[in-house]
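Take a look at the letters that make up each chain.
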Protein chains: 4
Amino acid sequence: MLAEIKGLNEECGVFGVWGHPDAAHLTYYGLHSLQHRGQEGAGIVVTDGETLKISKGLGLVTEVFGMGELKNLTGKGAIGHVRYSTAGGGGFENVQPLLFNSQTGSLALAHNGNLTNAIALRRQLECQGSIFQTTSDTEVLAHLIRRSGFYTIEEQVKNALSMVKGAYAYLIMTENKLMAALDPNGFRPLSIGRLDGAYVLASETCAFDVIGADYVRDVLPGELIIIDDTGLRSERFTMNVNRTICSMEYIYFARPDSNVDNINVHSARKRLGKQMALEAPVEADVVTGVPDSSISAAIGFAEASGIPYELGLIKNRYVGRTFIQPSQELRERGVKMKLSPVRGVVEGKRVVMVDDSIVRGTTSRRIVKMLREAGAKEVHVRISSPPIISPCFYGIDTSSTEELIAASMSIEEIRKEIGADSLAFLSQEGLLKAIGRSTEEENCGQCLACFTGKYPTEIYPNEVNRAKNKAQQKDSKTPAM
Amino acid sequence: MLAEIKGLNEECGVFGVWGHPDAAHLTYYGLHSLQHRGQEGAGIVVTDGETLKISKGLGLVTEVFGMGELKNLTGKGAIGHVRYSTAGGGGFENVQPLLFNSQTGSLALAHNGNLTNAIALRRQLECQGSIFQTTSDTEVLAHLIRRSGFYTIEEQVKNALSMVKGAYAYLIMTENKLMAALDPNGFRPLSIGRLDGAYVLASETCAFDVIGADYVRDVLPGELIIIDDTGLRSERFTMNVNRTICSMEYIYFARPDSNVDNINVHSARKRLGKQMALEAPVEADVVTGVPDSSISAAIGFAEASGIPYELGLIKNRYVGRTFIQPSQELRERGVKMKLSPVRGVVEGKRVVMVDDSIVRGTTSRRIVKMLREAGAKEVHVRISSPPIISPCFYGIDTSSTEELIAASMSIEEIRKEIGADSLAFLSQEGLLKAIGRSTEEENCGQCLACFTGKYPTEIYPNEVNRAKNKAQQKDSKTPAM
Amino acid sequence: MLAEIKGLNEECGVFGVWGHPDAAHLTYYGLHSLQHRGQEGAGIVVTDGETLKISKGLGLVTEVFGMGELKNLTGKGAIGHVRYSTAGGGGFENVQPLLFNSQTGSLALAHNGNLTNAIALRRQLECQGSIFQTTSDTEVLAHLIRRSGFYTIEEQVKNALSMVKGAYAYLIMTENKLMAALDPNGFRPLSIGRLDGAYVLASETCAFDVIGADYVRDVLPGELIIIDDTGLRSERFTMNVNRTICSMEYIYFARPDSNVDNINVHSARKRLGKQMALEAPVEADVVTGVPDSSISAAIGFAEASGIPYELGLIKNRYVGRTFIQPSQELRERGVKMKLSPVRGVVEGKRVVMVDDSIVRGTTSRRIVKMLREAGAKEVHVRISSPPIISPCFYGIDTSSTEELIAASMSIEEIRKEIGADSLAFLSQEGLLKAIGRSTEEENCGQCLACFTGKYPTEIYPNEVNRAKNKAQQKDSKTPAM
Amino acid sequence: MLAEIKGLNEECGVFGVWGHPDAAHLTYYGLHSLQHRGQEGAGIVVTDGETLKISKGLGLVTEVFGMGELKNLTGKGAIGHVRYSTAGGGGFENVQPLLFNSQTGSLALAHNGNLTNAIALRRQLECQGSIFQTTSDTEVLAHLIRRSGFYTIEEQVKNALSMVKGAYAYLIMTENKLMAALDPNGFRPLSIGRLDGAYVLASETCAFDVIGADYVRDVLPGELIIIDDTGLRSERFTMNVNRTICSMEYIYFARPDSNVDNINVHSARKRLGKQMALEAPVEADVVTGVPDSSISAAIGFAEASGIPYELGLIKNRYVGRTFIQPSQELRERGVKMKLSPVRGVVEGKRVVMVDDSIVRGTTSRRIVKMLREAGAKEVHVRISSPPIISPCFYGIDTSSTEELIAASMSIEEIRKEIGADSLAFLSQEGLLKAIGRSTEEENCGQCLACFTGKYPTEIYPNEVNRAKNKAQQKDSKTPAM
C-alpha cells in the first residue's frame, strides 16, 4: 500500500545535465517530474565553469524554487535532487545536493539510495578529525573523496566508491565535470539521455520525456560516467557486478510512464494485475484500485477477469504537508482523510480491491472497513506483489521485521486482521514473469530481499539497529492515510 | 477539457454546519473535500451564539488554515467557502465568506454562483450612499439585506433575494441562525445532511461522506432553509421555480463520488462514455482519458467498445500556483508541463482520446500533438458533451462567444484545427439520456444554454459586456495546461 | 513618561503630496520621519488622475513598503498614514488610509485624532443600512460624505465635517483632488509645505525637512484646503473656531526638530527644563533624562541649574514588537528591558531624573528603583509638565481617571509611591510661559484638559465609557517599559 | 563617524552562561544588550549536559528568536553571538555560534575578532582533506581542535589556540564545559560575572547590568577560562602576553554604560570631548554631537567650553535593513535619510559638530553640508580621536589605506574636502590621557595601530590583500548615512 510505505521511505530522485545554457531550468522540470520520489526537500547546484552555485530548501520543487532563484542559477552544468520525507534526520542541512567549497576546488553531490556501512565509515573519519555538517550518508563520500591521496578527481572518486557499500546512484559535479556512479548491484535506476548537444542523467526516464530529451541507455552497475566539454566517457570502478534491481520500483515506486531497465512501468503493473487475476480469480461485480499506484494493476485485473473496473476509491489531491489530521474523536465518528470510497459505485456490490503491497496492514484494514461502510457487500483484496517479510537496507525503508505483518502472520491470519472476505498475494514466480524476467531467483536480475530475506550484499549489524530505531521513531507519528 | 475551462471559471464551493461543538473542524474537512471547486482562497466564519469570528486567506484550505486558526474558531455554527481563481478581481478582500459586523448584529455570507443583475443593483446602491468594500457580487446581497425595512432577518433575506437574479447557492449566518437559499432555477447543487444532532449543508454530497454525515435531501429551487437551535425550517421566497441544473456539474465539475440530484457523478460520466462509444464508434488499439475529469468517461468508452483502457496520459500532481512555466523556447523544444504522454503505452498504437469538452481548442491541439510525438499512429478524439457554442452567465465562465471554437467552426473544421484523425461530440439527446433525463429539452431539468444558446433566465446587457471584458483579460495570461 | 503613555495612545501621523511625479516615494520618506507618531501600521494611496491605488500593512514604514510596493504606486498625488498601536481594535482592516472605490468615484481618507461623537453617528448610519468594514472612526466620515446629497465633493466633505465633533486632521483624496481639514479647535498639528511645484501636507514640519520641502504655513482650525492641478484653495467649513493645540505635542509627542505653531519643539522642551530648574531647584551631582523624549528638558535643567548633564539611563534601540518580555521571575532577579542605568555615571551620586510626565506612576517607580540599585545616593524626580488628572478624548489616550495617579494622590503621596527623595511637577503657568503663550488659561491657545479637567468641547457620555473600556483592556496587557 | 565605520566593521559580541536553569533566556537578554556590536545575525547554543541544541538566523536578536525558539533551548549552559554586517561573506551559514556534532562529542564556538593567519591555516587543512562549511575564520579553530591528537578537550583547545594568530575572544562549549579564551594581546574585551550561583561571560559589562549579574573581573590576555559544574578554573595557553586593547572600543564601539578594563565608556568619551575642547577651542554658539556614539564627547566638549549643548542633529530610529534608499535624484533634491539637522537649533548659529572619527570623509562632508543648508552660519568639526591612517587587521575593518582620507591628506586638505570652517583631531597623547593611560605609546596598554601604522603583532601578506578585496566590494554598495 503506497501511502503506508511512503512514510518510512528513504527513496530520492536525482537529475543532472551538462552542456545546455538552460541547465538549471531543465533540472527544475526534471526534478518536477521526479517529485513522486521525494517531497521533503529539493535542491539544484549549477556550474558556469568557474564556480558552483546552490539553491535548496524544504518543500516541493515548486515551493523551493521561484523565478528569482532559477534566474540566479546560470551555467551549463547542473545537478538536482528531490528528497524523501523521513521519520527523523530531516532538516534543511540534509537537503541535497550537498555542496563543498574549498580553496582546492568545489564538489557537489546528490545521492539516491542507502549505504550499508555509513556509520562505520563516519566514525572512522571523525576519529581522524573530520567534521560532519549533516547526518546524511552522502557526506561520507565527500570526505572519502577529499581524503583520497589520488591526483585527479576521477581517481579520487573511484577510490572513495571502492570503500562504500550498499545501494547508490550518485551524481557528482565539479566546476567542469559531471559524474554519475551506480553501485555494483544497480539497485536504483539511473539513465542517460541526450537533448540537442547536451547530456542528461535522471533517476527515471519520465524526466527525459518531460524535457523532450531522447533516452540513450541506463548507467550500468559498477560504472562511473564522466561528462565534460569533450563528451562522455565510461569507466568501471569495480568488475565485481551483479545486477539486482529493486522490485519495488516496478511494484509501486516509479512513475507509470517511466521505463525501468527498458520495461514500461504501467505495462508491467498491468501485467501484475493480469497475473493476479489468473492466480487468484474471484467472483465479483466491480474491480477498484487504491490510487494512485495500484490503478494500473487494477485495470489489468479487470481486463483479465472481465469484471468492470470502477473508481471505487477517490484520493484527495490537496492533502499536503500542512493538512491538519482529524482528532481521534472526529476520526472515530467517520471523518475521512486522504481516501474516500465512492458510495454510488460500491453500494451493494462485491468489490475486488487491488493494492500493490501490505506492510503493517493497518491501512488495508482501514480501506476494507471504509468500503464496507459505503455499502460493499463483499471485499476481496488482491495484492500485486508477494508478502513482505524482511526489512530493506537499500533505501526502501519497509520497516523492521517486527512491524511487517507478513513476517509473523499467515495469509489467513492477515485476511482476518484486515477484515477481507478473501485475500491473495502474487506469487514470486508470478511477479518475475509479469515483469518479464527469468523465474529462477538467483538469475532474475531483481532484488527480492524484502520477499525472501536473502540480501544480495552483506548487511552490517549497526545498520540493522539503525533500521529499528527509525521504526520506533515512526511509531510515535500519526499514521498517514 | 478541464484545464482549459478551469482558468476561466467562477465556480465555488460552500459548506455549513449548525449544532456541532467542532463546527470549524468539520467545515475544514468539508471545504477540503470541495477544494476542486475553488483553489484561489478559502474562509471560515463561526458563531458561538454571541459573536462571529472569521479566518480566511488566499490559497488552498490546507495553506489558509493552520492548527492555530482552527483552534481560535470555537463555536457551534460555521459556514465556509472555497473560491475559484478568476482572471481579474482576485485579492484577499474578495475571499469569502464576507463578514459584516455592526451594532445591530453581524452577518456572514458565502456564495456559489453568479448574479446576472449585480452591476445594476450595485450602481443603484452606490448612488444611495452605500460603500462597497469588495468587487464581489455577494456584497450586493448584504447591502440589500441591511437596507431592507423588514423586522426579522428571515424577512430581510427573503426580500433581498427577491431582487437578485441569476444563479446562486447562498449560505447566510448570524449569531444564532444559519440560512441557505437556492435560486429559482436551482443551477447549482446544494444538499442537506445530518451528523449526530447537527445539520450540515454542502455544495456536493462528497463533503458528507468525508465527515461521516448522512445525506438528507437537496435544497429546492426557490427554497430558504433556516436552521437554529430549535431545528430546521423550510420557507419559499418565490413560487415561480423551474429546475435547470447546470449540465457541466455532471460533465466535469463535480467530484466523481458526489451525487448531484441523486445521480452519482462517476456513473453518469461512465454512461456518457458508453453513449459516445455507441454514437461514434472507431477502430483503435487503446482508449485513454485526459486526467482527471475524463477518466470515468474513458473507462465507459472502453467498456462499451471493448478496446482496452490504458493510462496514456499522466498528470503531474505537483503543479501548483507557484509552478514556473517553461519559456516559449523550452516549450518549443518539448518541455512538458502538467500532462505527459506515456510512450510505452501509445507508441505505434491507434489511440482514442476521450475528453469532457472543448472550449477554445488549444489544449486539445496540444494533447493530440503530444500523443503523436509519443508515437501514436492515429488519434481519435471523443468529447463526452455536445459542442459549446454560447457563454455561461451562471458561474461557469466558458468564455465569450468569440473565443468558443465551436461557435464559429464546423466539427470537421475543429478536427483539422486540433489535428485529430477523427473527432466526435456527444449528441444533446445522448447527454440527457446518459444523465438519466427526459430527452425533451424543455422538460429535461438541465440547463443546456452553453450548447444551445437558450438561457433559462433573462440576461442583462451589461453582464454580456462583463463576460467579454473578462475574456479579454484572460487573453493576456499564459495559457494553462 | 513617554513609554507609559505610548501604550495607550491613539495619535497618528498623516502626510500628503500633490503635483510631484514621485509622490509615493516622497510620502514614504515623509511617513518615515513621522514614524514616532505611530508604529502599528502604515499605508499609502496614490492617484494617477484616473484610479487610486493602495498599499498598506501592519508594522513600520520600512517593513510595510518594499521596493516592489513603491514602484507600483505611480502617480502625482498621494496620501499616507502611520498608525499608533492601540490596546484593542488593531488589525489590518483598520490600517489607514481607508480607500473606498465605487462606480461614482473613489475616495481615500487618512485621519489623525479622535472623534467624540463617532459612536452615535455610526449607530445612526447602521440603522439606515450602511455597512461598516472597520472599527475606525474614520469610516464614519466616509459614509457621511457618500450619503450627503450635495453635488460636488467639496460640498459633500464640508457637509460631512459639520456633523463630526472632536479632534481631527483629515487628508482626503479623490482621483483628481487632495483635501485637508482641521477641526475647529486645531487640536492636532497640520502644516502646508512646497517642494518645487508641488504641495505637501504633514502632521509635523520635520517631514518637510526630510524631503527638502519649504514650510509655508499651518492649516487653520476650521479650514478646508483643496489642492488640484490648478493650485491650492482655502475654504472654511465653520466660522466658530477657537485654537487649543494639544499641550502634549510640545511636552513629549512631536519630534524635537519639528516646529508646532512656529515654535521649535526641542527649544520649547529645553525651556520647560529650565523653568523646572527655576521652580524646583535641588542640590545634586548629575542631571539625567529619560530617553528619548525627556533629553531636551534634562539638558535645559542642567544648563539652568549648573549641574552637569550625563547619560545616566540608556535606552536599548533594538526593542521592537517582537521582543520577548522577561518572565516575572527573571524580572524580579533584575533582568532589565528597554532602559538600563549607567552604573559608572550614577554610582554614589545625587541624581536629578527629568521626565516629561507621570501617568500611572509604575514606570517612574521602576526607574527610580533602577537608579538606586545602580548606586545612586539620592534620586530627585522633576517632571516637565503639570500633573495629569483627567483623561483625554482628543487622541492622546491618557487612561481613564481611575488609572491616573495624580487624580487621586497628592504630590507627596506620589513621591512616596515612586520612591523618590523629592518630586516636583511643572506649574501650569510655567508650562505656558516656557512654550511661549499667554499664561491666562482661557486665552492661552493650548488645550490643558488633561491637567485641568476643563474640556474645550462638549464630551459625549458614551465616549467616556469607551475610554474606560479601553483602559480595562489595557490592564490585561503586560506593562511596557 | 559611527555610521561610516559601521558599514565596514567586523566586530561582534559574545555572551555565555553556565549553571543557570534559564541559560537561554539570559543569553537572549545578554545578546540583546550587545546588539550594537552586530546586527546581521544572532545565534544561541545550549547544552543540557547531554546534547547541544542551536537556534540562529539572520537579523536582530528580536527577529531571530521568538518565544518558540527560546522555549526549545532548555539547558543550564549557553553561548550566544551577535554578528556584524559585512560587505561580502554574509549568509546564514556564517552566523555563529558554529555547532559541530560528531559521534565523539559536540563542540560549539563563538568568536569576536579577526585571525591574521586564517587563510594560511585553512589552505593547509583543506590540503589534508578537511571540508569547510563556512567562510568564517572561526571554523579554522574547530578543525584544529578536532585534528589535535591530545586527549582532553582543554589540551586540544590550548594546542589549537597556540596555532592561531590575531585578535580573538572565543567562547567554546561542549556538552559539559564552557571555555573562554582571549588572545595574547587582549585586543577585544571579555569579562566574567556572577549571577546567583552561575557564571556569565560577555563582551561588555553592560550585559551583566541588564541581567542583574555582578561583575567579577576581565579575562586576561592569553588566559583560558574553563567552567563546569565543579566551578571555574583558569589556565594559560601562552606566557608571552602584552595587553593592547583596541582604542576604538572607547572611542565609538562599546556601549556608554559598559566598563572596558574598569573604565566607564561614557565617562571616557566625555573626557575625550573635554580634552578636545582644551586642545582646539573655538568661539561658537552651540555644540552638537553626531548621534549616537558622539553624544558623550559632545557633552564633554560643551561642559569644558561653556558653549551650550543642543540636539542639532536627529537620528531616525526606524532606519533598518529594509529601508529604501532615496534615488540619486531625490537625494540631490534634499531627501534626507538617517540624520536630519534641527533647523530651529542651528539656524543662524555658529555650530561645533563633535564626531568620533573620520574614515573616508564622505559622511562628514554630508553632515556639514546638511547643517549649512539648515542655516548654520559656521560649522566647526571636532573629532574625538586622532586621524586614522592605517587599516585594522584585528576586527575593526577601517578600510584599506587607499580609502582612508587621513592617509593621503593633511588636516587642512580634509577640512576643505568636508567643507568645515575649522577642523581638529584629538592628539594621540590627549587620547591616552583622556582614557586614563600612560602617554608613552610603548607602554600605554592600547592598540593605536590605526593611528600610527605600528601593529602590535606580525601581519601576514595575504591578510592585507583580503582587506583590499573587501574594501573593493564595499565600494559598489550604496554608502550608508
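Because the structure is predicted, anything quoted here is derived from the model rather than measured. (Residues numbered from 1 in each chain as written. Chains lettered and ligands numbered in written order. Predicted model: local features only at pLDDT ≥ 70, side-chain atom pairs only at ≥ 80, totals over all residues.)

Asks: Let's hear about the packing of helix α6 (residues 138–147) of chain C against helix α7 (residues 153–161) of chain C: which residues, and what values?
Replies: All names here are of chain C. As a packed pair, α6 and α7 sit with axes 8 Å apart at the nearest point and diverge in direction by 125°. Accordingly, the angle class assigned to the pair α6 and α7 is oblique. Remark: the crossing between α6 and α7 carries right-handed chirality. From α6, L141, L144 and I145 reach across to α7, where they touch Q156, V157 and A160. Of the residues in the contact of α6 with α7, the class split is five nonpolar, one polar and no charged. (Axes fitted to C-alpha atoms, helices over the stretch in contact; angles between N-to-C directions. Helix = DSSP H or I, 4+ residues; strand = E, 2+ residues; numbered from the N terminus. Parallel < 35°, antiparallel > 145°, perpendicular 65-115°, else oblique. Left-handed = near helix turned anticlockwise from the far one by under 90°. Contact = placed C-beta atoms within 7 Å. Nonpolar A, V, L, I, M, F, W, Y, C, P; charged D, E, K, R; others polar.)

Asks: With reference to specific residues and values, describe the sheet that holds strand β13 (residues 231–236) of chain A.
Replies: Residue and element names in this part refer to chain A. In space, the six strands of this open sheet follow the order β5-β6-β7-β8-β12-β13, with antiparallel pairing throughout. In the strand order of this sheet, the two ends are held by β5 (98–100) and β13, each with one partner. Mean inter-strand twist for the sheet, computed between neighbouring axes without regard to direction, equals 20°. Judged from the four bridges that link them, strand β8 (residues 177–182) and strand β12 (residues 223–228) form a sheet pairing that is antiparallel. If you follow A180 over to β12, its bridge partner there is I225. (Pairing = 2+ DSSP bridges.)

Asks: Break down the nonpolar core for me, citing the residues and quoting the values.
Replies: For soluble globular proteins, nonpolar side chains are generally found buried alongside one another. Core analysis: the biggest nonpolar cluster contains 297 residues, and L371(C) and L371(D) have the highest contact counts within it. Sequence-distant contacts of L371(D), that is, excluding residues within four places in its chain, are made with G312(D), P341(D), V346(D), V351(D), M353(D), A376(D) and V379(D). The next biggest cluster of nonpolar side chains, apart from the first, holds 295 residues, and it includes Y84(A), I314(A), A268(B) and I383(B). (Core = buried A, V, L, I, M, F, W, Y, C linked by C-beta atoms within 7 Å. Buried ≥ 20, exposed ≤ 12 C-beta atoms within 10 Å, placed from the backbone.)

Asks: An account of the UniProt feature "active site" (unreviewed entry) in chain A is needed here, citing residue identities and associated values.
Replies: Residues and elements named next belong to chain A. Taking the numbering used here, the UniProt-annotated feature "active site" (unreviewed entry) corresponds to C12. Inspection of the secondary structure assignment puts C12 in strand β1 (residues 12–18). C12 sits in the buried class, given 25 other C-beta atoms within 10 Å. Among all residues touching C12, those that are not within four sequence positions of it are R37, G38, H81, V82, R83, Y84 and N112. (UniProt positions renumbered as here; feature names shortened; annotations may be inferred.)

Asks: Explain the relation of the copies chain D and chain C residue by residue, including any values.
Replies: With an RMSD of 0.0 Å, chain D superimposes on chain C once it is rotated by 180° and translated 0.0 Å along the axis. The symmetry that links the two subunits is that of a two-fold axis. Distance from the rotation axis, computed per C-alpha, reaches its smallest value in chain D at R317(D): 3.7 Å. Looking at the interface residues of chain D, 100% of them are also at the interface in chain C, so both copies use one shared face. (Least-squares fit on C-alpha atoms with pLDDT ≥ 70 in both.)

Asks: An account of the domain arrangement of chain A is requested, with residue identities and associated values reported.
Replies: Each assigned domain of chain A is listed with its residue range as follows: domain 1 (2–243) and domain 2 (255–475). Look at where the C-alpha atoms of domain 1 of chain A and domain 2 of chain A centre, and you get two points 30 Å apart. (Domains from an automatic or database assignment.)

Asks: Please give an account of the UniProt feature "binding site: Mg(2+)" (unreviewed entry) in chain A that cites residues and values.
Replies: Residue and element names in this part refer to chain A. Following the UniProt record, one finds the feature "binding site: Mg(2+)" (unreviewed entry) at S293, D355 and D356. Spanning 64 residues, the annotated positions come together in the fold, the maximum distance between their C-alpha atoms being 8.0 Å. Tracing the chain through its elements places D355 in strand β20 (residues 350–355). Considering the arrangement of structural elements, one finds D356 in the loop between β20 and α14 (362–373).

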